[in-house]
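In case you want the letters, here they are:
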Protein chains: 2
Amino acid sequence: MEQVNQVTTKEKIDLVTGGSVTTPKGFSAGGLHCGIRKQKLDLGWLYSDVPAQAAGVYTTNVFQAAPLKVTQESIAKENKLQALIVNSGVANACTGEQGLKDAYEMRESFAKAMGIPEYLTAVASTGLIGEPLPMAKIQNGIERVHDQENKETSRFETAILTTDTREKGVAVQVEIDGKLISIGGVAKGSGMIHPNMATMLSFITTDAEVDDQALTAALKEITNKSFNMITVDGDTSTNDMVLVMANGKAQNKALTENHPEWLLFVNALSVVCELLAKEIARDGEGASKLIEVQVRGANSDEAAQAISKSIISSNLVKTAIHGADANWGRVITAIGYSGQQLDPNKVNISLGPIAVVKQGVPFAFDEEKAKTYLLQDTVVIHAELGDGEGSAAAWGCDLSYEYVRINASYRT
Amino acid sequence: MEQVNQVTTKEKIDLVTGGSVTTPKGFSAGGLHCGIRKQKLDLGWLYSDVPAQAAGVYTTNVFQAAPLKVTQESIAKENKLQALIVNSGVANACTGEQGLKDAYEMRESFAKAMGIPEYLTAVASTGLIGEPLPMAKIQNGIERVHDQENKETSRFETAILTTDTREKGVAVQVEIDGKLISIGGVAKGSGMIHPNMATMLSFITTDAEVDDQALTAALKEITNKSFNMITVDGDTSTNDMVLVMANGKAQNKALTENHPEWLLFVNALSVVCELLAKEIARDGEGASKLIEVQVRGANSDEAAQAISKSIISSNLVKTAIHGADANWGRVITAIGYSGQQLDPNKVNISLGPIAVVKQGVPFAFDEEKAKTYLLQDTVVIHAELGDGEGSAAAWGCDLSYEYVRINASYRT
């Protein structure tokens, strides 16, 4: 997470060096190896000393995996969670009746081990599609969640990973009602391999006291501007899920939309989600760099979102950036097929500080300078449409030989 | 075009070996090198002895290139065309006022050379975005369209290509009103490189007499089921265009929707468009094979189209097929995020003859047999949704290292 410190934080929001889901008061986490995967940690959990207000967003994929159904059922009861358990290696997706039964059993055993009701317990899985959960291994793992050597936040961060090349954890702090509030989060990336290591997962914690309805609304809105604005290969997995838990340990007055510092809290939560989203994009399969698209001057935020996603999803843009090629024609083409109405003669495009298109026609630029810019490990594409006040950002990564190798050759 | 003979033709529709746009009576074509490209032919034309009923479909990209505007203006006058001229190398897209002026001038000069009115003349361009048309070279080329050595259909087929690896021409014949009717077509592929060799172009000819309104409606419908169902990289270019010309030389009774053999004509036109669409997909940048997706049992044809496009556009499916990996989880995932409602428990999937998913859960199959099948040069993915009568087909190609190489390294 070394990139975190380079990011401009919003006023009053402090990044916590080395922060994660246990930076907020009252949260603990751990991880262990239960044998689903050969050597890597494969079972992780997160626990709050007290029941926390909870909210979730879930994949829109029709083949929603069993653990998501069980987790939604838990949260539906009282909008609360106290603990969650995650396995990697097997996704428990496309597993029919047995899969649902296994997810319930995983929830039941873990709830029992933690001494909490099942409805305060969430489950998540990520890994192979179509394989049954190895329940004996998971049961064996659950028996060891209280072993002291497993209780370490970094072990939780590791246990949820699949093809990710690194852990993704972050935390920020803000002052609300004169109290120090922490918000932390972890994530795993969204590549899908071996053969279907699916899933973007993120778990967010805060010790703020937050009204459950307000928390649900905020998470949904923020997810749309962060996790839903990243793409690695455009494939939405069966297991994607973001959960947030707010345990109130900071003892602020309950945050609602009417609280005078509500916006500060939302901004802090946004920073956490945006940082994690960027880390996922940067760590996309085969990625050598982060691509950020900034669209401004669209006729609405929704139009700006559609256009920024069109650009970030283009294989031709992704390969051009991989080759450090200032190929603006591909950017303009992607804008043009986004399905949004706009005036081609008002479009300006720049690559970082280098203007390449003005008023819809090419603008002479220094090829060498452009190449130098595109060789950096973060590339920002700016599109200004001159058509209104709508804006959006999207994040992705370049498309490399390595992407094809990872995804074409797994069984061979 | 050796694949043509392997395709099952519909009853009464005969493929013409070596057929092309000049198989129908009264059409001639040619091509030459005017110097836009280093060595390849770069200027081609097609001519009908008499004015022909004409119809066109055009890119939906907002940055529609100048020649498409001029061609639409020509056809708008009387729904007729007698000739068209195409250059490769420069797309005349994102070229502002000058681009429009150049496209008009290209039309004017070519019309004059052929001795026909401008409104019976179409223009098309494909190649670099953002470069002005080199008008002196084009004028010089137009002066040589009557030179005998340039009058050859295969020279037309070659002159319209950019990164294509081979010419794409096809023709079929049917009997209507006791008259032999021919329909021919050529196409160029849809990869976008160097830096923006855009564009899917196709030109269809027939000597049938066809009502202009019926022709327009048929072309639109057929395009939606053929050219619009292929994807190489999902990028819709600024210059895509399909034109059809029907010159009536076969002397059948004018074909309208009420003609007893209308459906036979539509089927024959469909065969031409589908064969060309498949050839474009097979010749996608870096492609080593054609992928065909067949969706059946959807709740509507539209749903089936959306699902088949979702599968064929998935980078993960495309890389799996490239690696001959029977990775059905990626197919089911792409079905799931297509945005269509369906019952996951009714879905069957097979790869060619090999069933891999039944009723939404994995079905045991022989990995070796699957691999052998996936190594063939055409791979068919069948998805049966058990949800209705809707069906659709889509075509694409695998995603290879070569795709990344072509698109990442052009300027380096």
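Going by the structure above, here's the rest.
Treat the numbers as computed from the prediction; the structure is a model and nothing was measured.

Novice: Just to check I follow, could you spell out the sheet that holds strand 14 (residues 361–362) of chain B for this structure?
Specialist: Note on sheets: strands pair through backbone hydrogen bonds, and any given pair is parallel or antiparallel. Residue and element names in this part refer to chain B. Reading across the sheet, the seven strands line up as 9-16-11-15-12-13-14 and stay open at both edges, with mixed pairing between neighbours. The open sheet has two edge strands, strand 9 (230–231) and strand 14, and neither has a second partner. Pairing of strand 12 (residues 348–351) with strand 13 (residues 354–358), which is carried by three bridges, proceeds in the antiparallel orientation. Looking at the pairing, L351 lines up with I354 of strand 13. Of the strands in this sheet, strand 9, strand 11 (290–298), strand 15 (378–384) and strand 16 (390–397) are in contact with helix 8 (residues 315–322), which crosses strand 15 at around 135°.

Novice: Mind showing me how you'd approach the environment of A91(A) here?
Specialist: Residue and element names in this part refer to chain A. Inspection of the secondary structure puts A91 in the loop between strand 4 (80–90) and helix 2 (96–114). For the pair A91 and L399, spaced 308 residues apart in sequence, the C-alpha to C-alpha distance is 25 Å. Leave out the neighbours within four places in its chain, and A91 touches A65, P67, S125, T126, G127, L128, I129 and N239.

Novice: How should helix 3 (residues 135–142) of chain A be read in this particular structure?
Specialist: Residue pairs spaced three or four apart in an α-helix point in one direction, given the helix's 3.6 residues per turn. Residue and element names in this part refer to chain A. Within helix 3, burial applies to M135, I138, G141 and I142. For helix 3, the angular spread of the buried residues around the axis is 120°, confining them to a single face. Of the surrounding secondary structure, the elements contacted by the buried residues of helix 3 are strand 2 (27–32), strand 3 (43–58), strand 4 and helix 2.

Novice: Mind showing me how you'd approach helix 11 (residues 401–408) of chain A here?
Specialist: Buried residues of helix 11 of chain A: Y403(A), V404(A), I406(A), N407(A) and A408(A), and no others. At its buried positions, helix 11 of chain A is contacted by helix 8, helix 9 (328–336) and helix 11 (401–408) of chain B.

Novice: Just to check I follow, could you spell out the packing of aromatic side chains for this structure?
Specialist: The final tally for this structure, using the stated rule, is four aromatic pairs over all chains. A ring pair is formed by W262(A) and F265(A), whose centres lie 5.8 Å apart and whose planes are at 35°; its orientation type is tilted. Placement of the pair is W262(A) and F265(A) together in helix 6 (residues 262–282), with a separation of three residues, close to one helical turn. For the residue pair W262(A) and F265(A), the accessibility class agrees, reading buried in each case. The ring of Y119(A) is capped by K77(A), whose NZ or CZ atom sits 5.1 Å from the centre of that ring. One residue, K358(B), lies across the ring of F363(B), its end atom 4.4 Å from the ring centre.

Cut-off values and rules
Residues numbered from 1 in each chain as written. Chains lettered and ligands numbered in written order. Predicted model: local features only at pLDDT ≥ 70, side-chain atom pairs only at ≥ 80, totals over all residues. Heavy atoms only, no water. Pairing = 2+ DSSP bridges. Helix = DSSP H or I, 4+ residues; strand = E, 2+ residues; numbered from the N terminus. Contact = heavy atoms within 4.5 Å. Axes fitted to C-alpha atoms, helices over the stretch in contact; angles between N-to-C directions. Buried < 20%, exposed > 50% of the residue type's maximum accessible area, 1.4 Å probe, protein only. Arc of directions from axis to C-beta. Phe/Tyr/Trp six-rings, centres within 6.5 Å; stacked < 30°, edge-to-face > 60°. Lys NZ or Arg CZ within 6 Å of the ring centre and 35° of its normal.

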